[in-house]
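Descriptive structure summary
Chain residues, written in single-letter form:
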Amino acid sequence: MATDSTGHSPPSKAEPKVTVPGIMAAKGTKKLTMLTAYDYSTALWVDRAGVDMILVGDSLAMVMLGHEDTLSVTMEEMLHHTRAVARGTRRALVIGDMPFLSYQVSVEQAVENAGRFLKEGRAQAVKLEGGAAVLKQVEAIVAAGIPVQGHLGLTPQSIAMLGGFKVQGKGEEAAKKLVDDAVALAQAGCFSLVLEAIPATVAQRITQTVPIPTIGIGAGAACDGQVLVVHDLVGLFDRFVPRFVKQYDQLGRRLYEAVCRYRQEVESGAFPGPEHTFGPPVQ
């Protein structure tokens, strides 16, 4: 089989679609990969690379729309971006991130908005933040036939309560609360669970306790899979770089340099050249 420039074999177009049962069955057998994407073009490349899940995260509020946090993004904005990602995805499971106040107000509103992600956004699952406080919402959404991914630890929509982007689950009491919430979310029907910014030992404890896959982000290597914001992964977002991020490229710097070369060539007259022009050259 042919390999790409990294030496890896790209996924075959015949590879089956990733499903929720497939994700659940992967626990203990393979490490799962998840990345964010917010547009058609990025989703296309992430999907081609063979990532298992694509999260249309509410982090688009910061990395795509320039907000200070995730709280300002709306349902309409999330659906707009989810539709674009779904159009660029063939293999990966597309998960829509339910934005702030789209599920906290009532169970009925939570089910309705979750359904919109599948019906209008063409996602195959939704993600929401929180533990015991959202169990009724999770149960109702799952009962409506909509797969739910949970999210514990650093939950950015609760940043005002948490006092900032801080590691969660420190100390035995806080760790036990996370474990209990994880068990409750699994029992409520979540098919997987994101663990963000918690001690690796706590993440390992949760991973060993719950029957569903855990997806870590700043939660250590014992999790069943990992997720990163794609803009962090490739160096396109430089407002801050969390400790748990590994940057595999610096596309922001490369984009900047390419644009500088373009500007210089236009100003000098080097671009466009004859090879970029139709018809006989202008004398």
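For clarity, every value in this text was computed on a predicted model and none was experimentally measured.

On to the overall build of the chain, then. Check the secondary structure of the chain and you find 11 helices and eight strands. By its C-alpha atoms, the chain is 75 × 45 × 35 Å across when sized along the principal axes. When the 283 residues of the chain are sorted by exposure, 46% land in the buried category. Looking at the chain alone, contacts between residues at least 24 apart form 59% of all its contacts between residues at least 6 apart.

Here we come to the environment of Ala-143. Along the chain, Ala-143 turns up in helix H6 (residues 135–143). Overall, the relative accessible area of 68% leaves Ala-143 in the exposed class. Between the alpha carbons of Ala-143 and Glu-172 there is a distance of 33 Å; along the sequence they are 29 residues apart.

Following both chains from N to C, one finds helix H8 (residues 172–188) and helix H9 (residues 200–209) inclined at 30 degrees, their axes separated by 10 Å at the closest point. Comparing their axes, H9 and H8 come out roughly parallel. Like other packed secondary-structure pairs, H8 and H9 cross with a definite hand, here right-handed. Counted together, Glu-172, Ala-175, Lys-176, Leu-178, Val-179, Ala-182 and Val-183 of H8 and Val-202, Arg-205, Ile-206 and Thr-209 of H9 form the full contact between these two elements. Among the residues making up the contact of H8 with H9, the classes are represented as seven nonpolar, one polar and three charged.

So, about the packing of helix H5 (residues 107–119) against H6. Here H5 crosses H6 at 45 degrees, and the two axes come no closer than 9 Å. Between H5 and H6, the crossing angle belongs to the class labelled oblique. As for the relative orientation of H5 and H6, their crossing is right-handed in sense. Contact with H5, carried on its side by Val-107, Ala-110, Val-111 and Ala-114, involves Lys-136, Gln-137, Ala-140 and Ile-141 of H6 and no other residues of that element.

Moving on, we come to the packing of aromatic side chains. The final tally for this structure, using the stated rule, is two aromatic pairs. On the basis of an interplanar angle of 85 degrees and a centroid distance of 5.6 Å, the ring pair of Phe-237 and Phe-240 is categorised as edge-to-face. You can call Phe-240 partly exposed: its relative accessible area is 34%. Positioned above the aromatic ring of Trp-45, the side-chain terminus of Arg-48 is 4.8 Å from the ring centre.

Take the nonpolar core next. By size, the foremost hydrophobic cluster in this structure holds 75 residues, and its most contacted members are Ile-141, Leu-195 and Ile-206. Per element, the largest residue contribution to this core is eight residues, and it comes from H8. Those residues in contact with Leu-195 that lie beyond four places of it in its chain are Leu-152, Ala-203, Ile-206, Thr-207, Thr-214, Ile-215, Gly-216, Ile-217, Ala-219 and Cys-223.

Turning to the pattern of salt bridges, a few remarks are in order. Scanning all chains against the criterion turns up 12 salt bridges. Ionic pairing is found between Glu-172 and Arg-205, a salt bridge with its closest N-O pair at 3.1 Å. Residue Glu-172 is found in helix H8, and its partner Arg-205 is found in helix H9; the two are separated by 33 residues along the sequence. In this structure, Lys-176 engages Asp-180 in a salt bridge whose closest nitrogen and oxygen atoms are separated by 2.8 Å. Here the residue Lys-176 and the residue Asp-180 both occupy positions in helix H8, the gap between them amounting to four residues, near one helical turn. Each of Glu-15, Lys-30, Asp-52 and Arg-91 takes part in one network of salt bridges that share partners.

Basis of the calculations
- Residues numbered from 1 in each chain as written.
- Predicted model: local features only at pLDDT ≥ 70, side-chain atom pairs only at ≥ 80, totals over all residues.
- Heavy atoms only, no water.
- Helix = DSSP H or I, 4+ residues; strand = E, 2+ residues; numbered from the N terminus.
- Buried < 20%, exposed > 50% of the residue type's maximum accessible area, 1.4 Å probe, protein only.
- Contact = heavy atoms within 4.5 Å.
- Axes fitted to C-alpha atoms, helices over the stretch in contact; angles between N-to-C directions.
- Parallel < 35°, antiparallel > 145°, perpendicular 65-115°, else oblique.
- Left-handed = near helix turned anticlockwise from the far one by under 90°.
- Nonpolar A, V, L, I, M, F, W, Y, C, P; charged D, E, K, R; others polar.
- Phe/Tyr/Trp six-rings, centres within 6.5 Å; stacked < 30°, edge-to-face > 60°.
- Lys NZ or Arg CZ within 6 Å of the ring centre and 35° of its normal.
- Core = buried A, V, L, I, M, F, W, Y, C linked by side-chain atoms within 4.5 Å.
- Salt bridge = Lys/Arg side-chain N within 4 Å of Asp/Glu carboxyl O.

Everything listed here is a matter of coordinates, which is why it stays silent on function.
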